[in-house]
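# Summary of the model geometry
Residues per chain are reported as follows:
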Amino acid sequence: MITTAVISTIREQVNTWRAKGETIAFVPTMGNLHQGHITLVNEAKKRADHVVVSIFVNPMQFGPKEDLDGYPRTLAQDSEKLANAGTELLFTPTPEIIYPKGLAQQTFIEVPDIGDELCGKSRPGHFRGVATIVAKLFNIVQPDMALFGRKDFQQLMIIKTMVEDLSMPIEVIGIETIREASGLAMSSRNGYLTADEKHNAAALKRAIDSVISAVQHKKSPQHAIELAVQQLKAAGFTPDYFELRNADTLRQATAEDNQLVVIAAAYLGKARLIDNVSFYRHAQ
Ligand code: PAF
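Residues numbered from 1 in each chain as written. Predicted model: local features only at pLDDT ≥ 70, side-chain atom pairs only at ≥ 80, totals over all residues. Heavy atoms only, no water.

## As for the overall build of the protein chain
When its secondary structure is counted, the protein chain shows 10 helices and 9 strands. Relative to the compact-globule value of 19 Å for 284 residues, the protein chain shows a C-alpha radius of gyration of 19 Å, a close match. Principal-axis analysis of the C-alpha atoms places the extent of the protein chain at approximately 55 × 40 × 40 Å. Out of the 284 residues in the protein chain, the part that is buried amounts to 53%. Long-range contacts, defined as pairs at least 24 residues apart, comprise 71% of the intrachain contacts of the protein chain with a sequence gap of at least 6. (Helix = DSSP H or I, 4+ residues; strand = E, 2+ residues; numbered from the N terminus. Rg over C-alpha atoms; globule rule 2.2 N^0.38 Å. Buried < 20%, exposed > 50% of the residue type's maximum accessible area, 1.4 Å probe, protein only. Contact = heavy atoms within 4.5 Å.)

Here it is as structure tokens:
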């Protein structure tokens, strides 16, 4: 595996592959890799001739009171996992390489509406930071396709919208969430949980499932959500949002919508956990 922080090295290698008519899949990450990330690499390998991964803890997507400084940086372990998984090219830029003029002088990308609600409401500017870094990384790597976890459902929709709106010739692929045996969605931020909190964290997926079951059994979604929020509070969470949305548009679900998503964020100890499950109201 070639590891480099240098943009021109990435471009030269990708150009060499492309000159031979070979395809490139890209997996952007912030490091501290878990099985969810390795699944993205494995899926990338199935779909393209070469896999490029980036590790960059992007300061632009962190709010002033968020965990940028404490975000786990585990490059040695991450490199080993990526090499074992068959990654050929690893891009590890510094903030100075990505934002040479500093964040305040950086051109940015903002995806309207869906970027301002749910996580965007509690984390103002977060999705502007995500869209901007992903666009920059896409321009540096110029992949045929890019893979993202569906755990970050709103992020995935924002990236798909950006790619469509800006006519980027890249296929954006969402890969199913990888979960612990308890149901807890794998996340780098699970590392902030104590053993007891990790045990209780599985309540988030159970709460989501309870709402799905209620909706599919034609019960009131609002009542089911109220019960789910109570369950979360009883497990020690401080819920941020817990909503039933249209899975295509992420707008509030109407009674006619069939493709739905239950999407939630909640604080537990030092961690802010997010999760979602998409489903059909009427069995297919
Ligand atoms: O999902 C993440 O890890 C990040 O938001 C991403 C897409 C790598 C952009 O920094």
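Having seen the model, we can carry on.
## Re the pairing of strand S2 (residues 24-29)
Within S2, 6 of the 6 residues are buried, which leaves the element mostly enclosed by the surrounding structure. Covered by surrounding structure in S2 are Ile-24, Phe-26 and Pro-28 together with Ala-25, Val-27 and Thr-29, the residues of both alternating faces. Inspection of the sheet shows S2 paired to strand S3 (residues 50-55) by 6 bridges, in the parallel sense. Looking at the pairing, Val-27 lines up with Val-53 of S3. Bridge count between S2 and strand S5 (residues 145-149): 2 bridges; the pairing is parallel. Within S5, the position partnered with Ala-25 by the bridge is Met-145. (Pairing = 2+ DSSP bridges.)

## Notes on helix H6 (residues 126-141)
Along an α-helix, residues three or four apart share an orientation, since each turn contains 3.6 residues. With 16 residues, H6 extends 22 Å from end C-alpha to end C-alpha; this agrees with the ideal 22 Å at 1.5 Å per step. Most of H6 sits out of view: 13 of its 16 residues are buried. Positive backbone phi, approximately 50°, marks Gln-142, located one or two places after H6. (Expected span 1.5 Å × (residues − 1).)

## Quick word on the packing of aromatic side chains
For the structure shown, the criterion picks out 4 aromatic pairs. Consider the rings of Phe-56 and Tyr-99, whose centres lie 6.2 Å apart with planes at 50°: the pair is tilted. You can see Phe-56 sitting in the loop between S3 and helix H3 (75-84) and its partner Tyr-99 sitting in the loop between helix H4 (95-98) and helix H5 (119-122), a full 43 residues away along the chain. For the pair formed by Phe-56 and Tyr-99, the shared burial category is buried. Note on Phe-62 and Tyr-71: the rings are 5.8 Å apart at their centroids and 75° apart in plane angle, and the pair reads as edge-to-face. (Phe/Tyr/Trp six-rings, centres within 6.5 Å; stacked < 30°, edge-to-face > 60°.)

## Section: the packing of H6 against helix H7 (residues 153-165)
With their axes 10 Å apart at the nearest point, H6 and H7 run at an angle of 55° to one another. The angle between H6 and H7 falls in the class oblique. H6 and H7 meet at a crossing whose hand is right-handed. In this structure, H6 contributes Phe-127, Val-130, Ala-131, Val-134, Ala-135 and Phe-138 to the contact, and H7 contributes Gln-154, Gln-155, Ile-158, Ile-159, Met-162 and Val-163. (Axes fitted to C-alpha atoms, helices over the stretch in contact; angles between N-to-C directions. Parallel < 35°, antiparallel > 145°, perpendicular 65-115°, else oblique. Left-handed = near helix turned anticlockwise from the far one by under 90°.)

## Overview of the site of the ligand
In the vicinity of the ligand, the residues found are Pro-28, Thr-29, Met-30, Gln-61, Ile-133, Phe-148 and Gln-155. In this structure, Gln-61 approaches the ligand through a side-chain N or O atom, which is 2.6 Å from an oxygen atom. For the ligand, an oxygen atom lies 2.7 Å from a polar atom in the side chain of Gln-155. Compared with its free state, where it exposes 290 Å², the ligand has 87% of that area covered by protein. A class-by-class count of the residues in the shell around the ligand yields 4 nonpolar, 3 polar and no charged. (Near = heavy atom within 4 Å. Polar contact = N/O pair within 3.5 Å; in protein donor to acceptor, adjacent residues only side chain to side chain. Areas by Shrake-Rupley, 256 points an atom, 1.4 Å probe, with all protein chains shown as cover. Nonpolar A, V, L, I, M, F, W, Y, C, P; charged D, E, K, R; others polar.)

## Focus: the nonpolar core
Core analysis: the biggest nonpolar cluster contains 45 residues, and Val-52, Val-134, Phe-138, Phe-148, Ile-159, Met-162 and Leu-250 have the highest contact counts within it. Counting residues per element, the ones that place at least two in this core are helix H1 (7-19), S2, strand S4 (89-91), H6, S5, H7 and strand S8 (259-268). What Val-134 contacts, discounting residues up to four positions off in sequence, is Phe-148, Ile-159 and Met-162. Leu-232, Leu-260, Leu-273 and Phe-279 belong to the second largest nonpolar core, which has 29 residues in total. (Core = buried A, V, L, I, M, F, W, Y, C linked by side-chain atoms within 4.5 Å.)

## Thoughts on H1
Across its 13 residues, H1 extends 18 Å between first and last C-alpha, which sits within 8% of the 18 Å expected from 1.5 Å per residue. Of all the residues in H1, the buried ones are Ile-10, Gln-13, Val-14 and Trp-17. Taken down its axis, H1 places every buried residue within 95° of arc, on the same side. Exposed positions of H1 whose direction lies more than 90 degrees from the buried face are Glu-12 and Ala-19. Where H1 is buried, its residues touch strand S1 (2-4), S2, S3, S4 and H6. Two residues or fewer past H1, Gly-21 is found with a positive phi of approximately 80°. (Arc of directions from axis to C-beta.)

## As for the UniProt feature "binding site: (R)-pantoate" (unreviewed entry) in the protein chain
Under the local residue numbering, the UniProt record ascribes the feature "binding site: (R)-pantoate" (unreviewed entry) to Gln-61 and Gln-155. Of the residues just listed, which span 95 residues, no C-alpha pair is farther apart than 11.4 Å, and they cluster in one region. Residue placement: Gln-61 occurs in the loop between S3 and H3. Accessibility expressed as a relative area gives 9% for Gln-61, which makes it buried. Not counting residues within four places of it along the chain, the set of residues in contact with Gln-61 comprises Met-30, Glu-66, Arg-123, His-126, Gly-129, Val-130 and Ile-133. Reaching out from Gln-61, the side chain makes a polar contact with the side chain of Asn-58 at a distance of 2.9 Å. Those residues in contact with Gln-155 that lie beyond four places of it in its chain are Phe-127, Val-130 and Phe-148. (UniProt positions renumbered as here; feature names shortened; annotations may be inferred.)

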